[in-house]
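# An overview of the molecular structure
This is what each chain is made of:
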Amino acid sequence: MVMLFGLTSAHVVFMDLMNQIFRPYLNKFVVVFIDDILVYSNTYLEQEQHLREILQTLREHQLYAKLSKCEFWLKEVTFLGHVISVEGIFIDPRKDEVVLKSERPTNVTEIHSFLGLASYYRRFIEGFSTIATRLTRKETKWE
């Protein structure tokens, strides 16, 4: 199936459709981002059942997953800039490099820009909002 030609917000419409059809499963064992579907489980048996439910839901809505783009039974997956595994959720090392190699900010505008980049990983930085607030105060002198 294809989107209407000229639909400028096709990704928004598709994302809304995916959220609607997977609503009963979202944040229970499914995460959806546009056309990426991440199915997670605690056991192989649960995983098999969850996959059946998701694939059946797609079929019921006449949506299909291309087998060559699917990966099953992964122990670790990179998804939206994070590495997700049994050990937990971590920053994707490739994304980490972008932050580490960015130029040092020299003024408040550049600080805001850098904080925008770094804020994606705020959950991994203890006291991020305190640091950000301190750096962006006008009366604060920083180096």
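Note that the structure is a prediction, hence the values are computed from the model and not measured. (Residues numbered from 1 in each chain as written. Predicted model: local features only at pLDDT ≥ 70, side-chain atom pairs only at ≥ 80, totals over all residues. Heavy atoms only, no water.)

A word on the packing of helix α4 (residues 108-118) against helix α5 (residues 128-136). The description of two helices packed together rests on the angle between their axes and the distance between the axes. Their axes nearest at 10 Å, the elements α4 and α5 cross at an angle of 170 degrees. Considering their axes alone, α4 and α5 lie roughly antiparallel with respect to each other. Contact with α4, carried on its side by I111, H112, L115 and A118, involves F128, A132, L135 and T136 of α5 and no other residues of that element. A class-by-class count of the residues in the contact of α4 with α5 yields 6 nonpolar, 2 polar and no charged. (Axes fitted to C-alpha atoms, helices over the stretch in contact; angles between N-to-C directions. Helix = DSSP H or I, 4+ residues; strand = E, 2+ residues; numbered from the N terminus. Parallel < 35°, antiparallel > 145°, perpendicular 65-115°, else oblique. Contact = heavy atoms within 4.5 Å. Nonpolar A, V, L, I, M, F, W, Y, C, P; charged D, E, K, R; others polar.)

Glancing now at the pairing of strand β4 (residues 82-85). Note that strand β3 (residues 76-79) and β4 share 4 bridges and pair antiparallel. Along β4, the bridge assignment pairs V77 with I84. The turn linking β3 back onto β4 is made up of 2 residues, and L80 within it adopts a positive phi angle of 50 degrees. Bridge analysis of β4 against strand β5 (residues 88-91) gives 4 bridges, and the strand direction is antiparallel. Directly across from I84, in β5, lies its bridge partner I89. Here β4 folds back onto β5, and the loop between the two strands holds 2 residues. (Pairing = 2+ DSSP bridges.)

Okay, the packing of aromatic side chains next. Evaluated as defined, the whole model comprises 4 aromatic pairs. Relative to Y121, the ring of Y120 has its centre 5.0 Å away and its plane inclined at 85 degrees; by these criteria the two rings are edge-to-face. We classify Y120 as partly exposed; its relative accessible area is 41%. One aromatic cluster is present, formed by Y120, Y121 and F124 through successive ring pairs. (Phe/Tyr/Trp six-rings, centres within 6.5 Å; stacked < 30°, edge-to-face > 60°. Buried < 20%, exposed > 50% of the residue type's maximum accessible area, 1.4 Å probe, protein only.)

Core analysis: the largest hydrophobic core is formed by 13 residues, its most contacted members being F22, V30 and I54. Sorting the residues of this core by element identifies α1 (10-21), β1 (30-33) and α2 (44-60) as the ones contributing at least two each. Within the second largest apolar cluster, 5 residues are counted, among which are I111, L115, F128 and A132. (Core = buried A, V, L, I, M, F, W, Y, C linked by side-chain atoms within 4.5 Å.)

Glancing now at the sheet that holds β5. Pairing is antiparallel across the open sheet formed by 3 strands, whose spatial order is β3-β4-β5. In the strand order of this sheet, the two ends are held by β3 and β5, each with one partner. Ignoring strand direction, the axes of neighbouring strands in this sheet form an average angle of 25 degrees.

These figures capture arrangement, not role.
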